[in-house]
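Structural overview
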Amino acid sequence: MKTDEEMGPDRGVVFETDDEDNLAHQHGGSDCSPSSSSPSSASSYGDHIGGDPSSYQTTWPQSYRPSIDVFSSVPSPRVGFLAGSSLVRVGSSFLRASMVSTHEDELSFTKPFVSYDSVTGHDGPEAIPPPDVPMKSSFAFASYCELPPPHQCSAAQAVVNGINVLCGVGLLSTPYAVKEGGWLGMLLLFCLASISFYTGILLKRCLDSFPGLKTYPDIGHAAFGLSGRIFISIVLYLELYGCCVEYIILVSDSLTFIFPDASISFLGLDLSPHQLFALTTAIAVLPTVWLKNLSVLSYLSAAGVVATILVIICLLWGGVVDQIGFHPGGRALNLVDLPVALGLYGFGYSGHSVFPNIYSSMKRPSQFPTVLIICFVLCTIMYSAVAVAGYLMFGDSLKSQFTLNMPRQYLASKVAVWTTVINPLSKYALTMTPVALSLEELLPSTSQSNIVMLSLRTFLVLSTLVVALTLPFFGYVMALLGSVFTMLVALILPCSCYLSIKRRSVDFIQASVCVLIIVIGLVSSFIGSISSIKQMVNQ
């Protein structure tokens, strides 16, 4: 064994139970490799459909993990205050008794939030080896796109990453969801938060089942074989693509609100303000999608957390300081439009595509449940506060984005609207890049030239523009995305994968809960998507 000096001054003192020690070893201790794993571990590969997880890294989409890490990570100068706070330590005490040094969680200015240390010789029971994800030179399309190497993250970094993914543009439509579903409809928000937290834990258990599982597609591969991996990957990429469509609609609506009289005639075509600004948005984001160095894009994602906080402050400022006021009223329940509200609330909890990446990147994976519950509690508080305040301020006159109801003459209103313009512009490329990389992997090696890559990315941007112009309904498109993809990614698929992977050990209660969640997801997806499509057709 190594002495304390050899282990280094930054090592925390950790007391592990036998179960925790076994879990840490199973998750990827320093001695856990395909060549040195126990016979029982090796034979267990036959217990699931996907075969040996070590083969997953060479299966499409290879770019998923590094590109999603860039999409979800937030650079920050320092977040050690949360990593060493009693909030994380008290939460973790429900899982294990530990004393964790906060020095190791302190960050330099340039250290990204999702990071992995390239260490060899781990002594800590929770330390995991660097993932065997192919680096830049291993990808067939590396001649164009540079993927930054992965890094480890602390609990505090994981919390901020989770909030950045969960609490995005969905925040803008929570007051509109109250208008559509009524006050009692807000119960759906809390139900979806609870279920989504539980299914996030199920994804963690799936990852712990076999060494080598790192991402959501890996889980699908282990549960249902190659077809499961491909299906889940397609669903996740379509969800990202739909978010890009929403970004264009959002920016176009916001700029139309700022410049309502803008219009242009070109070659006999009369462009309305919405069409003009949608086209302008697509042109503005196109160069960012062409960027080769994805590490540059990761710094743009920091705008997401700042924008969320800023928009909330502007809303409350308008209600209190600018004296827009809060006016009690509204319906208790609106059953007719409740399915639309269900989709809008569901969209706010569509972060499961990133949760496995965050868990796999954590220095201390046992803290993931605490990280997850902090993320869901904070996001639910923000969603609830904005929903209540926005509806009390604007009532039944609410539009799909509450920023479009804020009086133009106030500074807080201008800041809020311009924030909703700048933030989607900064996140579009981060969201579209994983989609582009997955398609580039499918190209023949003879076609992987810079011209082809640029053409493919240009086509993707233009296609989102066409969809945004065809369906310029921000709220209903969001409700459709929430009804279809969130119900799949956050409810149906985690339970299905868990039941498949754990089919020999799951007990009756767990199986019943999972089946119930799957039924809830299927019913919600059906009625929510039908209602959203009908509303768009009626427009």
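**Points about the confidence of the model for the protein chain**
Averaged over all residues, the pLDDT of the protein chain equals 79, while 73% of them reach at least 70. Every residue in residues 1-44 is under pLDDT 50, and counting partners more than four places away or in other chains gives 57 contacts. Segment residues 76-143 is flagged for pLDDT under 50; beyond a separation of four residues in sequence, or across chains, it makes 173 contacts in the model.

**Some points on the packing of aromatic side chains**
Per the counting criterion, the structure on display carries 10 aromatic pairs. Centroid distance Phe-197 to Phe-376: 6.3 Å. Interplanar angle 80 degrees. Geometry classified as edge-to-face. Remark: Phe-376 occurs in helix H16 (residues 368-394) and Phe-197 occurs in helix H9 (residues 187-209); sequence separation between them is 179 residues. The exposure class assigned to Phe-197 is partly exposed, which follows from its relative accessible area of 23%. Taking relative accessible area as the criterion, Phe-376 reaches 4% and is therefore assigned buried. Members of the aromatic cluster, joined through ring pairs, are Phe-197, Tyr-349, Phe-355, Phe-376 and Tyr-383. Note that Arg-408 overlies the ring of Phe-257, its terminal NZ or CZ placed 4.3 Å from the centroid.

**A closer look at the nonpolar core**
Counting 125 residues, the largest nonpolar core has Tyr-216, Tyr-345, Phe-402, Tyr-428 and Met-432 as its most contacted members. Every residue in contact with Tyr-216, bar those within four places of it in the chain, is listed here: Tyr-64, Leu-203, Ile-232, Leu-236, His-352, Ser-353, Pro-356, Leu-488, Val-489, Leu-493 and Pro-494.

**Examining unusual backbone geometry**
Of note, Gln-323 is a non-glycine position whose phi angle comes to about 60 degrees, a positive value. Tracing the backbone through its elements, the reader meets Gln-323 in the loop between helix H13 (302-320) and helix H14 (338-347). Classification of Gln-323 by relative accessible area gives exposed; the value is 67%.

**Structural notes on the packing of helix H19 (residues 474-501) against helix H20 (residues 508-538)**
Between H19 and H20, the shortest axis-to-axis distance is 8 Å and the interhelical angle comes to 165 degrees. One element, H19, and the other, H20, form an angle in the roughly antiparallel class. Handedness of the crossing formed by H19 with H20: left-handed. Split by residue class, the contact of H19 with H20 holds 20 nonpolar, 10 polar and no charged.

Thresholds applied
- Residue numbering note: each chain is counted from 1, following its sequence as written.
- Thresholds applied to this predicted model are a pLDDT of at least 70 for local features of residues and 80 or more for the giving and counting of side-chain atom pairs; totals over whole chains, interfaces and linings are not thresholded and use all residues.
- Side-chain numbers come from the whole structure's heavy atoms, not from hydrogens or water.
- Think of pLDDT as the predictor's per-residue confidence, scored from 0 to 100.
- The criterion used for residue contact is that any of the two residues' heavy atoms lie within 4.5 Å.
- Any pair of Phe, Tyr and Trp rings, taking the six-membered ring for Trp, is counted once the centres come within 6.5 Å. Such a pair is stacked with planes under 30 degrees apart, edge-to-face with planes over 60 apart, and tilted for the rest.
- Think of it this way: any DSSP run of H or I at least four residues long counts as a helix, any run of E at least two long counts as a strand, and we number them from the N terminus.
- The cut-offs for exposure are 20% and 50% of the maximum accessible area for each residue type, with area from a 1.4 Å probe on protein chains only; residues under the lower value are buried, those over the upper are exposed, and the others partly exposed.
- Remark: a charge is flagged as sitting over a ring if the NZ atom of Lys or the CZ atom of Arg is within 6 Å of the ring centre and within 35 degrees of the ring normal.
- By nonpolar core we mean a set of buried residues, namely Ala, Val, Leu, Ile, Met, Phe, Trp, Tyr and Cys, connected to one another through side-chain atoms within 4.5 Å.
- Geometry is summarised by axes, namely lines fitted to C-alpha atoms with helices restricted to the contacting stretch, and by angles between N-to-C directions that run from 0 to 180 degrees.
- We call two directions roughly parallel when the angle between them is under 35 degrees, roughly antiparallel when it is over 145, roughly perpendicular when it lies between 65 and 115, and oblique otherwise.
- The hand of a helix crossing depends on one turn: near helix anticlockwise from the far one by less than a right angle means left-handed, and clockwise means right-handed.
- In the scheme used here, Gly and all other residues not listed as nonpolar or charged are polar, with Ala, Val, Leu, Ile, Met, Phe, Trp, Tyr, Cys and Pro taken as nonpolar and Asp, Glu, Lys and Arg as charged.

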